[in-house]
There are 2 protein chains.
Amino acid sequence: MQMKTEELTINCGKPYAEESSHTDCHKVIMPVRDALDVISGKWKLPIIIAVSRGHKRFRDIERSIPKITSKVLSKELKDLETHKLVKRTVYDSQPVSVEYTLTPYAATLDSVIGALQKWGIQHRKKILGK
Amino acid sequence: MQMKTEELTINCGKPYAEESSHTDCHKVIMPVRDALDVISGKWKLPIIIAVSRGHKRFRDIERSIPKITSKVLSKELKDLETHKLVKRTVYDSQPVSVEYTLTPYAATLDSVIGALQKWGIQHRKKILGK
DNA sequence: CCGCATCCTGTAGGATACTG
DNA sequence: CAGTATCCTACAGGATGCGG
């Protein structure tokens with residue numbers, strides 16, 4: 001995310017003329033959008049999974065994800081790094097090599113991904129008819 | 001989602017030469033992308049929340065969500081309807097009125113939204129520094 | 001009131017080529 | 001090997017106006 005300050009809210013007035021603050025809508029929408037910004041997009045999950053499975057080198061990750069381009073991989077890895085999900089380590093060997101690994105913090109995503117996965121599985125059944 | 005059949009996988013070979021199937025990557029990525037397709041996008045959550053709070057009529061929903069346009073609202077409501085999250089009821093009054101309500105099924109999203117919200121809250125603290 | 005038809009823009013992501 | 005630099009396309013979403 002770029003920590004958007006953009007206005008995006010709804011008028012939360014309940015139909016029964018109860019007073020209810022605008023802010024509790026934000027309290028749902030804003031964090032959810034923050035989270036979605038981090039993990040949505042075409043390549044975030046594939047990259048996270050690839051790295052979690054032990055692909056550390058740039059070329060290694062690139063080859064393990066069909067059809068990704070180096071430009072996109074580069075950009076996404078930077079994004080994941082700024083969100084502290086991926087750690088980039090440069091080794092001063094000849095030639096210089098770089099390793100990407102998941103941070104321990106990345107594990108906190110497990111429950112989120114798990115929830116999405118679980119819902120996605122049952123939803124596909126629901127929509128396509130079981 | 002449009003139940004994409006598009007190929008998007010990764011080479012799941014582990015670094016230790018263990019045999020591991022391609023398919024278990026799909027088993028994570030595909031459902032997660034299905035779920036994300038349903039709830040991501042700029043307006044899905046605001047609409048779901050607006051409807052859940054009792055805004056039933058088209059104009060009512062539209063007015064409750066600042067800056068949304070009728071075209072976008074119309075399209076998003078259709079999407080939510082095809083995913084069985086929203087029910088559209090037409091009343092043969094004069095003039096014809098239409099009501100949108102959440103389906104009971106929509107409640108199954110609560111755990112997903114809850115997980116995203118929870119993670120989003122702590123992540124914002126983590127990134128911006130608490 | 002409840003939308004749809006047009007037209008337009010901004011941005012994620014793709015193709016291709018090139019550097020240290 | 002580990003990326004950048006350009007250029008380009010596709011599609012989500014916005015602006016405006018009209019129709020039943």
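Heads up: the structure comes first, above all this text.
This one's a predicted model, so the numbers in the text were calculated from it and none came from an experiment. Going along each chain's sequence as written, the residues are numbered from 1 onward. Chain letters and ligand numbers both follow the written order, the letters beginning at A and the numbers at 1. Reporting in this predicted model follows two pLDDT cut-offs: at least 70 for local features of residues, and 80 or more for side-chain atom pairs to be given and counted; totals over whole chains, interfaces and linings ignore these cut-offs and use all residues. Each side-chain value is worked out from all heavy atoms of the structure, with water and hydrogens disregarded.

Engineer: Would you take a moment to explain the overall build of chain A for this structure?
Structural biologist: From N to C terminus, chain A includes five helices and two strands. Tracing chain A from N to C terminus, the helices and strands come up as α-α-α-α-β-β-α. Contacts are assigned to residue pairs that have any heavy atoms within 4.5 Å of one another. Here the analysis covers contacts within chain A between residues at least 6 apart in sequence; of these, 38% occur between residues at least 24 apart. Summed over all atoms, the accessible surface of chain A reaches about 7200 Å², with 54% contributed by carbon and sulfur. By the criteria applied, helices consist of DSSP H or I runs no shorter than four residues and strands consist of E runs no shorter than two, each listed in order from the N terminus. Areas reported here follow the Shrake-Rupley algorithm with a probe of radius 1.4 Å; residue values treat only the protein chains shown as occluding.

Engineer: What is the right way to look at the packing of aromatic side chains in this model?
Structural biologist: The relative placement of two aromatic rings is captured by the distance of their centres and the angle of their planes. Within 6.5 Å between ring centres, the rings of Phe, Tyr and Trp (the latter by its six-membered ring) count as paired, and their orientation is classed by plane angle as stacked under 30 degrees, edge-to-face over 60, tilted in between. Scanning the model with the defined rule gives two aromatic pairs over all chains in all. When the ring of Tyr-105 of chain A is compared with that of Trp-119 of chain B, the centres are 6.1 Å apart and the planes differ by 25°; the resulting orientation is stacked. Of this pair, Tyr-105 of chain A sits in the loop between strand 2 (97-102) and helix 5 (110-128) while Trp-119 of chain B sits in helix 5 (residues 110-128), placing the two residues on different chains. Here the two residues Tyr-105 of chain A and Trp-119 of chain B agree in accessibility, since each one is buried. For the cation-ring pair, Lys-126 of chain A lies above Tyr-105 of chain B, with the distance from its terminal atom to the ring centre recorded as 4.3 Å. Burial classes: relative accessible area under 20% of the type maximum marks a residue as buried, over 50% as exposed, and values in between as partly exposed (1.4 Å probe, protein chains only). The rule is short: NZ of Lys or CZ of Arg within 6 Å of the ring centre and within 35 degrees of the ring normal puts a charge over the ring.

Engineer: Got a minute to help me understand the protein's contact with DNA strand C in this structure?
Structural biologist: By nearness alone, 15 residues border DNA strand C, and Lys-71 of chain A together with Ser-74, Lys-78, Arg-88 and Tyr-100 of chain B come closest of all. Within 4 Å of the protein, the atoms of DNA strand C are drawn from sugar and phosphate moieties in a proportion of 65%. Polar contacts, as counted here, are pairs of nitrogen or oxygen atoms within 3.5 Å of one another; within protein the pair requires one atom able to donate a hydrogen and one able to accept it, and residues that are adjacent in sequence qualify only if both atoms are side-chain atoms. The contact in question runs from a phosphate oxygen of DNA strand C to an N or O atom on the backbone of Lys-42 of chain A, over 2.9 Å. At 2.2 Å, a side-chain N or O of Lys-71 of chain A approaches a base oxygen of DNA strand C. Distances are taken per atom, and a residue is near a molecule or strand as soon as one of its heavy atoms is within 4 Å of it.

Engineer: For this particular structure, what's the right way to read the packing of helix 5 of chain A against helix 5 of chain B?
Structural biologist: Helix-helix packing is characterised by the crossing angle of the two axes and by the distance between the axes. Contact geometry for helix 5 of chain A and helix 5 of chain B: axes closest at 9 Å, N-to-C directions at 160°. Between helix 5 of chain A and helix 5 of chain B, the angle falls in the class roughly antiparallel. When you trace helix 5 of chain A past helix 5 of chain B, the crossing you get is left-handed. Seen from helix 5 of chain A, the contacting residues are Ser-111, Val-112, Ala-115, Leu-116 and Trp-119 of chain A; seen from helix 5 of chain B, they are Ser-111, Val-112, Ala-115, Leu-116 and Trp-119 of chain B. Class assignment for the residues of the contact of helix 5 of chain A with helix 5 of chain B results in eight nonpolar, two polar and no charged. A fitted line through C-alpha atoms serves as each axis, taken over the contacting stretch for helices, and the angle formed by two N-to-C directions is quoted from 0 to 180°. By the definition adopted for this analysis, an angle is roughly parallel if under 35 degrees, roughly antiparallel if over 145, roughly perpendicular if from 65 to 115, and oblique otherwise. The hand of a helix crossing depends on one turn: near helix anticlockwise from the far one by less than a right angle means left-handed, and clockwise means right-handed. Residue type decides the class: Asp, Glu, Lys and Arg count as charged, Ala, Val, Leu, Ile, Met, Phe, Trp, Tyr, Cys and Pro as nonpolar, and the leftover types, Gly among them, as polar.

Engineer: Looking at this structure, I do not really get the protein's contact with DNA strand D. What am I missing?
Structural biologist: The environment of DNA strand D is made up of 16 residues, and the closest members are Arg-57, Lys-78, Arg-88 and Tyr-100 of chain A together with Lys-71 of chain B. The contact atoms of DNA strand D, taken as those within 4 Å of the protein, divide so that sugar and phosphate hold 60%. Contacts to DNA strand D include Ser-74 of chain A, whose side-chain N or O atom sits 2.8 Å from a phosphate oxygen. Elements with a contribution of two residues or more to the surface near DNA strand D: helix 3 (58-64), helix 4 (70-82) and strand 2 of chain A together with helix 4 (70-82) of chain B. Top element by residues in the surface near DNA strand D is helix 4 of chain A. It accounts for four residues. Residue classes in the surface near DNA strand D are distributed as five nonpolar, three polar and eight charged.

Engineer: Before we go on, may I ask you to explain helix 2 (residues 44-52) of chain A in this structure?
Structural biologist: It helps to recall that an α-helix has 3.6 residues per turn; residues three or four apart then point in one direction. Residue and element names in this part refer to chain A. The buried fraction of helix 2 is high, at eight of nine residues. Taken together, the buried positions of helix 2 are Lys-44, Leu-45, Pro-46, Ile-47, Ile-48, Ile-49, Ala-50 and Val-51. Phi turns positive one or two residues past the end of helix 2, at Gly-54, with a value near 110°.

Engineer: I keep staring at the nonpolar core and nothing clicks. Help me out?
Structural biologist: Proteins that are soluble and globular tend to have nonpolar side chains buried together. Side-chain atoms within 4.5 Å are what join buried Ala, Val, Leu, Ile, Met, Phe, Trp, Tyr and Cys residues into a set we call a nonpolar core. Core analysis: the largest hydrophobic core is formed by 59 residues, its most contacted members being Ile-39, Ile-47 and Leu-116 of chain A together with Ile-39, Ile-47 and Leu-116 of chain B. Excluding residues within four positions of it along the chain, Ile-47 of chain A makes contact with Ile-65, Ile-68, Leu-73, Glu-76, Leu-77 and Leu-80 of chain A.

Engineer: Honestly, the environment of Ser-74 of chain A in this entry has me stumped. Any pointers?
Structural biologist: Counting through the fold element by element, Ser-74 of chain A comes out in helix 4. With relative accessibility at 27%, the residue Ser-74 of chain A sits in the partly exposed group.

Function cannot be inferred from these measures alone, as they are strictly geometric.
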